[in-house]
Amino acid sequence: MWWRRTLSSRCRCCLGRRRSGAKWIWSFHTRPICSAPALPSGRITALQALDVWKRHFVEKGVTEPEQSSQYIIAHLLGAKTIESVEQQKLREFLSKEKTEQVWQLCTKRLSRMPVQYIIEEWDFRDLTLKLRPPVFIPRPETEELVELVLSDLQKHPRVAETQQTCLEVGCGSGAISLSLLKSLPQLEAFALERSQDAVDLSRENASRLGLQDRLKVYHMDVIKDAERMLGLFSSISVLVSNPPYLFSEDMASLEPEIFRFEDHAALDGGEDGQNVIRQILTLAPDFLSNRGRVYLEVDPRHPPLIRRWVEENMEELRYMETRHDVSGKPRFCILQKEESQGPRGGSGLRNPDPITLALAQVATASARLPPPDSPLLKINNFAQIVSILGLHF
Amino acid sequence: MLSSRLFGLCSQCSRAVSCRGFPWRTLKGHSRLQYANFTEVQRWGTNVVPKRLSHCDLGDLYDNISVQRYVQKLMEEHRIISRKLQHDHLSDSDRKALLKKHTELLPVADVFGRLEQAQKDLEEIHSLLHTGAEDEDQHLTQLLKEEEDQICSNILALRKHLIKALVPVDRLDPSDVVLEVVSGRTTGGDICQQFTREMFDMYQGFACYKNWDFEVLNYSPADYGGLHHAAVRIAGENVYRHLKHEGGTHRVQRIPEVGLSSRMQRIHTGTMTVIILPQPLEFDVHIDPKDLRVDTFRSRGAGGQSVNTTESAVRIVHLPTGITAECQQTRSQLQNRDTAMRVLRARLYQSVMGKETEQRHTARKQQVGTRSQAERIRTYNFSQDRVTDHRTGYTTRDIKEFMRGGEELEELISDLLEHSEREAVLEAVEISGWVKGQPAD
């Protein structure tokens, strides 16, 4: 029945992700009805469709009205941008199916679904990634993070390591790892991700780009599964992350595109936005090789706070520098694991007897004890103590 | 027929050897080409010498006395340098400088040496031919004559090579370019925008014809199929050398297909501008990141994870000069920024180079290429089906074929290059001797 179809299309755009179970809730009181313009009875051209929808988006207060209609319609015409579509094609009449597709996708935009989710893809540096809600959409700042890592690796190649490895915490759609893999054919990458949706998407993107052999994605939470991670990774050259770094109090004021559709756990960094950051830095010395580096994307308020925290709590990490993004805001933190002072190294002992050696090991290892508030201290047996402290008997 | 042509060549050749100054006529004939008789003066720099253009051939210049004097001078210099390098005790920096000059002069010296040798051979053969008695061996005479022919044509080629070797090398010639097309302003109608798009298509066709890489950096279409402005990067062999004379204002004259003017057969005129920017290597233009301001949509607010937009346009401003470049060609902000940087670099380079060329103060300027942007360099007359380049007078028919950007455009460009090379040689001659402009013919 035609009326049910119109109703259901309205409903779909209103309810968005808030479907509860299999039952359709036909309530129109929860959100204002976002009505789409009627499907044209005759045929229209792409140019006309662009105009119709741009005006409609403006009317309904949808942000970026012109770009939204342009990117959606360009995508349906097989191009990435509207400029790359031939003028001829834009003035041809769209087929009935095409017109329906345009209407279907543009209607989704009325619910403030991000364009990247509507067309299910977006570009990141020289890659095109598949994207699906609620997996976090890569931001342009993160493109710069990858550039930073690459230029750093070029300037200081770690000749000692035969195999360069990198570890990404919170890979989302896989943007950072896949971008690094594409640019560095010799690199091997590991990625940790707590959301199953994101793990699946990362693996899918890796396959589509032919990089699945060099990327291993682990479904793990860097806070909850910390114990499992110890010993899993070692001698990593580069630890990179775009961790959730928003302040909890700022979450409520996010625009609908983000608030309604992206995974909040990928955004919320806790009261001061640094919960995940601190956890990563705590675990970093375990994973990294000597002089291995950590690259983080953070909130502009974070760098001095992180520097102070590291200086007070992390003996093995040295805060190297803060880099700015293209808008001039402090955005990226670079840290480096300092040379570890093992018993062979700087303890000054010569031919120690076993007891002295053990005591020396405990002394240096105690410097590596995690700070008091770290969940790592949930230890309950001697074996764990031994493994945490890295002692060898 | 063939032998008589050779004979003709040969006799002229011998005449040239004995009495210099005999102007060469070339054997090429283009039925399509017509040259206008120019008596206008202002196009030809500040020299008040009316010139009639003949189809120019670099070989002509060989007979120019100033050119010959210049060559002698170069050869003298080469001899001095060679002697110095061999005998004198030099410091490292001196030796380096001399070696550099020596390498520069080497091609000229080489060709000149070969030319002298060939002329000596020719004289020998002549003496053999003419001193020989009538009852000489027919076969031997035949062989000698053949040898003479060969040497004659060799000498012709060598002369051309010599002049070519005198052309000062433009070190930008092998560069890639950023080509921009910008529509002119009209009072009404979209003749300029349509013409701009046709020019864009023509250069795209030319890039294809020459097997060059054609990468669109920016494309801003106008309504109804016209083009506002566009920027492309063309990469390949000697791109700048071929395209450097395309920069300037191009004029179009046509009767529009629709509208009042069409019925009244009234000709409309429009213009568009082509800008050619050689792409320098990275280290040619040093840009301090502190001098740049990058504008993106994310400049306001905290940015980062708290903002999600599809706006990826980037604009870069070089603060000391005010030169800007922008790009919104791709969905990746970083890629757009890289592209904008490339365009900015090319524009900066151009402005730096522009200042250098202004500082040249010879009386005879290189006519082709130093015209200001406002002067039109070429007219495309669709209603009369011809294209005229105003710098050389070159005219060609079949404008439709021309606008495809294939062989016809190549021919026009070759002609332009020959003209400019000729001017470059004459200028070099002038600088060296400060001989006040003597006409080449």
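For the structure itself, consult the block above.
No experiment lies behind these values; they were computed from the predicted model shown. (Residues numbered from 1 in each chain as written. Chains lettered and ligands numbered in written order. Predicted model: local features only at pLDDT ≥ 70, side-chain atom pairs only at ≥ 80, totals over all residues. Heavy atoms only, no water.)

Draft legend 1. Local environment of the nonpolar core. Residues and elements named next belong to chain B. Residues L179, M199, I234, L243 and Y380 are the most contacted members of the largest nonpolar core, which totals 39 residues. When contributions to this core are tallied by element, the ones reaching two or more residues are β1 (177–183), α5 (191–209), β2 (213–221), β3 (227–235), α6 (239–243), β5 (268–278), α9 (399–402) and α10 (407–433). Here the element with the most residues in this core is α5; it accounts for 9 residues. In contact with Y380, not counting residues within four places along its chain, are F195, M199, M202, H250, R251, V252, Q253, R386, V387, I399, F402 and M403. (Core = buried A, V, L, I, M, F, W, Y, C linked by side-chain atoms within 4.5 Å. Buried < 20%, exposed > 50% of the residue type's maximum accessible area, 1.4 Å probe, protein only. Helix = DSSP H or I, 4+ residues; strand = E, 2+ residues; numbered from the N terminus. Contact = heavy atoms within 4.5 Å.)

Draft legend 2. Representation of the sheet that holds strand β6 (residues 292–296) of chain B within the structure. All names here are of chain B. The 3 strands are arranged β6-β7-β8 in an open sheet whose pairing can be described as antiparallel. The sheet terminates laterally at β6 and β8 (323–327), the two strands that pair on one side only. The average undirected angle you get between the axes of adjacent strands in this sheet is 15°. (Pairing = 2+ DSSP bridges. Axes fitted to C-alpha atoms, helices over the stretch in contact; angles between N-to-C directions.)

Draft legend 3. Just the interface of chain B and chain A, in detail. Chain B puts 31 residues into the contact, and the matching count from chain A is 42 residues. Carbon and sulfur atoms make up 46% of the surface buried where chain B meets chain A, a total of about 3000 Å² over both sides. Our enumeration of links across chain B and chain A arrives at 2 salt bridges. Two residues, E121(A) and R331(B), come together in a salt bridge whose shortest N-O distance is 2.8 Å. Connecting chain B to chain A are 15 residue pairs in polar contact (both at pLDDT 80 or more). In terms of residues, the side of chain B that touches chain A owes the most to one element, helix α8 (residues 333–358) of chain B, which gives 4 residues. Tallied by class, the residues present in the side of chain B that touches chain A amount to 8 nonpolar, 18 polar and 5 charged. (Buried area = accessible area lost by both parts, 1.4 Å probe. Salt bridge = Lys/Arg side-chain N within 4 Å of Asp/Glu carboxyl O. Polar contact = N/O pair within 3.5 Å; in protein donor to acceptor, adjacent residues only side chain to side chain. Nonpolar A, V, L, I, M, F, W, Y, C, P; charged D, E, K, R; others polar.)

Draft legend 4. Region of interest: the pairing of strand β1 (residues 121–124) of chain A. All names here are of chain A. Side chains of β1 alternate between two faces, with E121 and D123 and W122 and F124 buried alike. By the bridge criterion, 4 bridges tie β1 to strand β2 (residues 127–130) in an arrangement that is antiparallel. Its bridge partner lying in β2, E121 is registered against K130. Linking two consecutive strands that pair antiparallel, namely β1 and β2, is a turn of 2 residues; a positive phi of about 50° is found at R125 within it.

In short, geometric facts, not functional conclusions.
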